[in-house]
Amino acid sequence: MMGPSHALSGAAAWLAGSWALDHFAGYGQSPLTVAVGATVCAGGALLPDLDLSGKVTRNQGGATVARTFGVFSLFAAEVIEKISLGVYTATRLSRDPRRNNGHRTFTHTLPFAALVGWGTTALATHYGKWAVVGIIFFMAGLALRGLFDGWAEKAGWVIVTICSGVIAWLTAAMLPGDRGYPMLGFAVGVGCIVHLLGDIITSAGVPILWPIPTGRRMWRMVGVPNGLAVRVGGKVETIVLRTAFTVIAVVSIAAMFAPGLLHRFEFDAWADSAP
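Rules behind the numbers
- Residues numbered from 1 in each chain as written.
- Predicted model: local features only at pLDDT ≥ 70, side-chain atom pairs only at ≥ 80, totals over all residues.
- Heavy atoms only, no water.
- Phe/Tyr/Trp six-rings, centres within 6.5 Å; stacked < 30°, edge-to-face > 60°.
- Helix = DSSP H or I, 4+ residues; strand = E, 2+ residues; numbered from the N terminus.
- Lys NZ or Arg CZ within 6 Å of the ring centre and 35° of its normal.
- Buried < 20%, exposed > 50% of the residue type's maximum accessible area, 1.4 Å probe, protein only.
- Contact = heavy atoms within 4.5 Å.
- 1 Å grid on protein atoms, 1.4 Å probe; cavity = no way out; pocket = protein on both sides within 12 Å on 5 of 7 lines; lining within 4 Å.
- Points joined across faces, edges and corners; volume = space filled by probe spheres on them.
- Nonpolar A, V, L, I, M, F, W, Y, C, P; charged D, E, K, R; others polar.
- Expected span 1.5 Å × (residues − 1).
- Arc of directions from axis to C-beta.
- Salt bridge = Lys/Arg side-chain N within 4 Å of Asp/Glu carboxyl O.

1. Considerations on the packing of aromatic side chains
Phase 1 of the analysis: A complete count under the given rule lists nine aromatic pairs for this structure.
Phase 2 of the analysis: Ring centres of F106 and W210 lie 5.7 Å apart, and the angle between their planes is 80 degrees; this geometry places the pair in the edge-to-face category. Placement of F106 in the loop between α3 (71–91) and α4 (110–127) and of W210 in the loop between α8 (181–200) and α9 (235–273) is noted, with a sequence separation of 104 residues between them.
Phase 3 of the analysis: We note R99 situated over the ring of Y88; from NZ or CZ to the ring centre the distance is 5.5 Å.

2. Some words on the environment of G205
Phase 1 of the analysis: As for its placement among the helices and strands, G205 is situated in the loop between α8 and α9.
Phase 2 of the analysis: Judged by its relative accessible area of 0%, G205 is buried.
Phase 3 of the analysis: Sequence spacing of G205 and H108 is 97 residues, and the spatial spacing of their C-alpha atoms is 9.6 Å.
Phase 4 of the analysis: Residues within four places of G205 in sequence aside, it is in contact with R104, D199, I200, M221, V222 and G223.

3. What to know about the layout of surface pockets
Phase 1 of the analysis: By volume, the second largest pocket is sized at about 210 Å³.
Phase 2 of the analysis: Surrounding the second largest pocket, 14 residues form its lining, A11, A42, A143, L147 and F148 being those nearest its centre.
Phase 3 of the analysis: Counting only elements with at least two residues in the lining of the second largest pocket, the list comes to α1 (3–25), α2 (31–44) and α5 (129–147).
Phase 4 of the analysis: Broken down by element, the residue count for the lining of the second largest pocket peaks at five residues, all from α5.
Phase 5 of the analysis: Classifying every residue of the lining of the second largest pocket by side-chain character gives 11 nonpolar, two polar and one charged.

4. Some words on helix α7 (residues 157–174)
Phase 1 of the analysis: With 18 residues, α7 extends 26 Å from end C-alpha to end C-alpha; this agrees with the ideal 26 Å at 1.5 Å per step.
Phase 2 of the analysis: All of the buried residues along α7 are V160, S164, A168, T171 and A172. The buried residues of α7 occupy one face: seen down the axis, they fall within an arc of 100 degrees. Those residues of α7 that are exposed and angled more than 90 degrees off the buried face are W169, A173 and M174.
Phase 3 of the analysis: Buried residues along α7 sit in contact with α2, α5 and α6 (149–155).

5. A word on the pattern of salt bridges
Opposite charge on two side chains lets them pair, provided their charged atoms get close.
Phase 1 of the analysis: Inspection of the entire model under this criterion finds eight salt bridges.
Phase 2 of the analysis: Taking the shortest distance from any N to any O, the salt bridge between E78 and K82 comes out at 2.7 Å. Here E78 and its partner K82 are both found in helix α3, four residues apart, which amounts to about one turn of the helix.
Phase 3 of the analysis: What makes E78 partly exposed here is its relative accessible area of 25%.
Phase 4 of the analysis: Exposure remark for K82: the relative accessible area of 46% places this residue in the partly exposed category.
Phase 5 of the analysis: Here the residues in one salt-bridge network are R67, R145, D149 and E153, joined through shared partners.

That's the geometry; what it means functionally is another story.
Here it is in structure tokens:
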């Protein structure tokens, strides 16, 4: 799927999961905590595509996520793509084809999702609020680049970077103490997994079974048959799926916060009318 669809699916998954926890487990969260989680999960849903690099010197090409912070993120994507290709080459079996790029290899696996999720939590726990600010800054940038792709393309990476910094600063100023660190890593990991599920429904697929060898192949791409696959950039993705993700997100937000707002409004109205 395209970047905007990945980001929107990540936000929708987090919001729906937050509503489910609230409704079935009684685990309520503040609007700020839900917003931070949805933002980080939306950014995490773009993270695997950092293995698709572009032209660093000209700030061109690459995946949506690779252009978030201009040449800086393009350079990071170049490094990650080479690392992914190295992992592929080092672990490929006899029936795995030779490749000259690392797209849809290591960063499109469950171990990668677990690794970045664990790493995010460890970083935030060990270094505290400064690490949280950095994580939110980075993930907010990815989320902005994905959710508002048209605006981000016109505004340019400098504006996106400034907006990401403002979001991180405001969040750090309002978040209490040392709460929420485990949830940051969980949100990143969930976002990566949502990305994998999104790519599985395309014909290209992802190596979801890695590192389990199957039929003398370590990097078997798992996807749906061509007749059922979602065409990248087609109407099913851009209209049907994005509409569904948007509805899920809006309904989840309403289900979590509308009852409380309505109750408060009714209480305020009663208090104003009381003698």
